[in-house]
Amino acid sequence: MSRIFSSTKCTLGEGPLWHPVEQVLYWFDIIGKRLYRSDGTNEQSWDFDEYVSAAGWIDSGQLLIASETALSVFDTASGESSFVHPLEFDNPVTRSNDGRADPWGGFWIGTMGKNAEPGAGAIYRYYDGALTRLFDKITISNAICFAPDHRHAFYTDTVKRKILCVALDDDGFPAGKPDLFTDLSAEGLNPDGAVVDADGNLWVAQWGAARVACYGPDGGFLRAIDVPGEQASCPAFGGADLSMLYITTAAEGLDPAGKSDGMTFAAPSGTKGQKEHRVIL
């Protein structure tokens, strides 16, 4: 049963990240250009000059943040950002979207058109000082996450309704072409952000379906957690034992939006997540 973790309404809540050192949840309102932080009692926020969407943790009080045009280190104490690497800075059509740190200390980040222009986005990996484009011609990049065996990564182009799985080499780069993990097109479900638990099950927010669904390592449906927000956008495991599932939602495009749309929720998962990987710069 989901409960309200934060009653703050985001236009486009996204990118939840449980910081394993600070023991707090970070998340974004992409359209609101804002980062939030909460321990469940006290909530803070920071405003940015452009869209911000995803983060990885570097240390206590330090995050690698993906914005509309760059990857930057953000210091939560000072509120200052330090530029790390450009991200499609010369392309006014796109912005960052879904992203997550990988087991090697790298950071995968997807882009998309600000108006979901077909094929305008891509997925990149920032690793060892370089940004490498991994996949292109993506409309809405999502579901970037990693299996506990450290040998597989997942991603989706939401509009295609197929979650893909790609093998990784010893350095964490894709080894060969991606394979189909699960196809949601017959059910008309829209895969959004995703995370993999410690048992290798993939939990994916399903935009428009008011739920986060769990699929086994074979891609078969196992169960779902209902969310009191129609547009569930991304889950993250957190809490002291990593058994709580935190879920962002969005009010964007709903007319009228429901009273819970855009809020952030927490639900006992009945399982244990993986600790979020640290970004190594």
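Q: Teacher, can you tell me more about the pairing of strand S22 (residues 231-238) here?
A: Across the 8 residues that make up S22, a large majority, 8, are buried. Pairing geometry for S22 and strand S23 (residues 244-250), over 7 bridges, is antiparallel. What sits directly across from Ala232, in S23, is Thr249. Joining the antiparallel neighbours S22 and S23 is a turn of 5 residues, in which Gly239 adopts a positive phi near 90°.

Q: Any chance you could explain the layout of surface pockets here in plain terms?
A: To find the voids left in a structure, one rolls a probe of water-molecule size over its atoms. Taken as a whole, the largest pocket spans an internal volume of roughly 290 Å³. Met112, Ile140, Asp192, Trp207 and Glu252 are the residues nearest the centre of the largest pocket, which is lined by 17 residues in total. Those elements giving two or more residues to the lining of the largest pocket turn out to be strand S10 (94-101) and strand S18 (190-196). For the lining of the largest pocket, the per-class residue count stands at 7 nonpolar, 5 polar and 5 charged.

Q: Even after reading the chapter, I still don't get unusual backbone geometry, so can you show me in this structure?
A: Note on backbone geometry: most residues besides glycine have negative phi, and most peptide bonds are trans. Residues Asp255 and Pro256 are joined by a peptide bond in cis, for which omega reads 5°. Counting through the fold element by element, Pro256 comes out in the loop between S23 and strand S24 (264-268). Of note, the phi angle at Lys33 is positive, near 55°, even though the residue is not glycine. In this fold, Lys33 is placed in the loop between strand S3 (24-29) and strand S4 (34-38). Note on Lys33: relative accessible area 28%, which makes it partly exposed.

About the thresholds
Just so you know, the residues in each chain are numbered from 1, in the order the chain's sequence is written. Per-residue local features of the predicted model are confined to residues with pLDDT of at least 70, and side-chain atom pairs are confined, for both listing and counting, to 80 or more; whole-chain, interface and lining totals are unaffected and use all residues. Note: side-chain values were computed over all heavy atoms of the structure, leaving out hydrogens and water. Under the scheme applied here, a residue whose accessible area is under 20% of the maximum for its type counts as buried, over 50% as exposed, and between as partly exposed, the area being computed with a 1.4 Å probe on protein chains only. By the criteria applied, helices consist of DSSP H or I runs no shorter than four residues and strands consist of E runs no shorter than two, each listed in order from the N terminus. Only strands that DSSP links by at least two bridges are regarded as paired with each other. With a 1 Å grid spanning the protein atoms alone, the term cavity applies to any set of points in which a 1.4 Å probe fits but cannot get out, the term pocket to an open set with protein on both sides within 12 Å along at least five of seven lines, and the term lining residue to any residue with an atom within 4 Å of a point. Grid points are joined across faces, edges and corners, and a volume is the space filled by probe spheres set on the points. Note that Gly is not counted as nonpolar here; it falls among the polar residues with everything else outside the nonpolar set of Ala, Val, Leu, Ile, Met, Phe, Trp, Tyr, Cys and Pro and the charged set of Asp, Glu, Lys and Arg.

Distances and angles like these do not, on their own, reveal function.
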